[in-house]
Amino acid sequence: MLKVLIADDHAIVRQGLRQILTEIPELSVVGEVDNGQDALNRVRAEPWDVLVLDMSMPGRSGLDILKDVRRERPETRVLVLSMHPEDQFAVRMLKAGASGYLTKETATDELVKAVRKVLTGGRYISAALAEKLAFDVNSDTDKPLHDKLSDREFQVLRQLAAGRTVQEIADELMLSPKTISTYRARVLEKLELKSNAELIHYAIGNKLVE
Amino acid sequence: MLKVLIADDHAIVRKGLRDILREAAEEALVGEASNGLEALELARGEPWDVVVLDITMPGASGLAVLKQLKRDRPELPVLMLSMHSGDLYVNGSLKAGASGYLDKESAPEELLNAIRAVLAGDTYISQSLKDRRSKAGAADD
């Protein structure tokens with residue numbers, strides 16, 4: 001009996017995923033949640049074979065949820081579903097323990113292939129991303145500056161670029177405003193920027209925010 | 001028979017929309033476009049009853065497609081579907097001729113209600129957007 005939990009705040013996307021997953025007869029249970037915290041609670045409450053996790057849900061970031069799931073239920077494979085281009089986020093999510101990364105443009109048969117692959121313990125990336133990663137191996141100089149950011153710095157960058165205040169980010173990440181300001185300073189330094197305006201421009205230009 | 005054209009670049013969203021429509025009306029004819037230009041092409045080829053249009057697609061944006069659709073067939077109701085809930089998007093869409101605006105958080109039943117409303121000639125704004133607007137209004141007071 002194989003079980004898949006879908007975590008996505010968009011009801012229409014959940015419906016689409018549920019429908020696509022009916023093409024895998026071995027799946028007997030498909031659960032649904034609409035936020036990261038509920039995903040974590042369901043994963044804590046019972047074992048799931050695969051968690052299909054939307055990266056951008058309200059509340060805690062998909063990256064944080066992924067890390068918690070990996071720590072608490074390492075046997076649950078996590079397939080990240082994102083509206084962001086693969087080249088911006090996939091490597092970070094795979095490094096954090098995701099078994100696969102898919103964008104919402106992915107064709108439905110490709111999604112079925114990905115779920116099947118991770119169910120058997122494999123990892124899934126698209127052919128386009130695999131090719132990109134292969135060519136990136138020897139070209140550190142071509143990598144964007146934001147690849148140098150830690151996961152937390154990257155998260156703070158995205159939140160600032162989305163127009164959130166230091167206090168709002170601090171509240172959400174349960175950190176002090178002073179700590180967030182320190183992260184902000186490190187982000188500016190690593191990206192060679194001077195102000196929030198430049199930071200927003202950078203994030204939009206690199207498709208790091210919706 | 002209800003004829004609905006769906007335009008969204010996310011295959012999973014199209015699958016969800018198609019499934020919701022089929023569950024509600026087995027006889028529904030559902031067309032799919034994965035970008036704005038394809039939507040315009042398909043819209044010209046068939047007498048659709050309603051178009052469900054994603055606002056952010058690669059190539060021609062949903063808003064540009066909406067304006068062209070309204071030029072081609074002013075009577076065709078267009079329901080915008082979006083992950084953006086900002087007033088700029090909602091008001092911009094309605095001003096450009098959209099009959100309704102639905103966010104992707106909406107429940108499947110709401111999609112059907114919205115389609116029914118715009119087919120009846122009404123304007124439909126999703127409940128979550130209305131709630132958000134009234135909260136923002138209360139905060140401003």
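Residues numbered from 1 in each chain as written. Chains lettered and ligands numbered in written order. Predicted model: local features only at pLDDT ≥ 70, side-chain atom pairs only at ≥ 80, totals over all residues.

J.: Give me helix α5 (residues 108-119) of chain A: which residues, what numbers.
T.: Compared with the 16 Å implied by 1.5 Å per residue over 12 residues, the 17 Å span of α5 of chain A between its first and last C-alpha is a close match. Among the residues trailing α5 of chain A, Gly121 of chain A stands out with phi positive, at a value near 90°. (Helix = DSSP H or I, 4+ residues; strand = E, 2+ residues; numbered from the N terminus. Expected span 1.5 Å × (residues − 1).)

J.: Explain the domain arrangement of chain A to me, using residue names and the numbers behind them.
T.: What the domain assignment reports for chain A is domain 1 (2-136) and domain 2 (144-205). Centre-to-centre, using C-alpha coordinates, domain 1 of chain A lies 26 Å away from domain 2 of chain A. (Domains from an automatic or database assignment.)

J.: Help me get a handle on the packing of helix α7 (residues 151-161) of chain A against helix α9 (residues 177-190) of chain A, residues and values and all.
T.: All names here are of chain A. α9 packs onto α7 with a crossing angle of 90° between their chain directions and a minimal axis gap of 9 Å. On the basis of their axis angle, the class for α7 and α9 is roughly perpendicular. Contact residues: Arg152, Glu153, Val156, Leu157 and Leu160 in α7; Ile180, Tyr183, Arg184, Arg186 and Val187 in α9. Within the contact of α7 with α9, the residues separate by chemical class into 6 nonpolar, no polar and 4 charged. (Axes fitted to C-alpha atoms, helices over the stretch in contact; angles between N-to-C directions. Parallel < 35°, antiparallel > 145°, perpendicular 65-115°, else oblique. Contact = placed C-beta atoms within 7 Å. Nonpolar A, V, L, I, M, F, W, Y, C, P; charged D, E, K, R; others polar.)

J.: Lay out the nonpolar core with the relevant residues and their values.
T.: Burial of nonpolar side chains together is a common tendency in soluble globular proteins. Residues Leu51 and Leu53 of chain A together with Leu53 and Leu79 of chain B are the most contacted members of the largest nonpolar core, which totals 78 residues. For this core, the element with the most residues is helix α1 (residues 11-24) of chain B, which contributes 6 residues. If we ignore the near neighbours within four places in the chain, the residues touching Leu53 of chain A are Ala7, Ala39, Gly62, Ile65, Leu66, Val78, Val80 and Leu81 of chain A. In terms of nonpolar packing, the next biggest core, distinct from the first, is built from 12 residues, Phe154, Val156, Val187 and Ala203 of chain A among them. (Core = buried A, V, L, I, M, F, W, Y, C linked by C-beta atoms within 7 Å. Buried ≥ 20, exposed ≤ 12 C-beta atoms within 10 Å, placed from the backbone.)

J.: Residue-level account of the sheet that holds strand β1 (residues 3-7) of chain B, with values.
T.: Residue and element names in this part refer to chain B. Strand order across the open sheet formed by 6 strands is β2-β1-β3-β4-β5-β6, with parallel pairing between neighbours. Looking at which strands have only one partner, the edges of the open sheet turn out to be β2 (29-33) and β6 (124-125). When β1 meets strand β3 (residues 50-54), the two strands line up parallel, connected through 4 bridges. Within β3, the position partnered with Val4 by the bridge is Val50. The strands touched by α1 are β1, β2 and β3; relative to β1, the strand with the most contacts, the crossing angle is about 165°. Helix-sheet contacts for helix α5 (residues 108-119) involve β3, β4 (78-82), β5 (100-103) and β6, and the interaxial angle to β5 is about 175°. (Pairing = 2+ DSSP bridges.)

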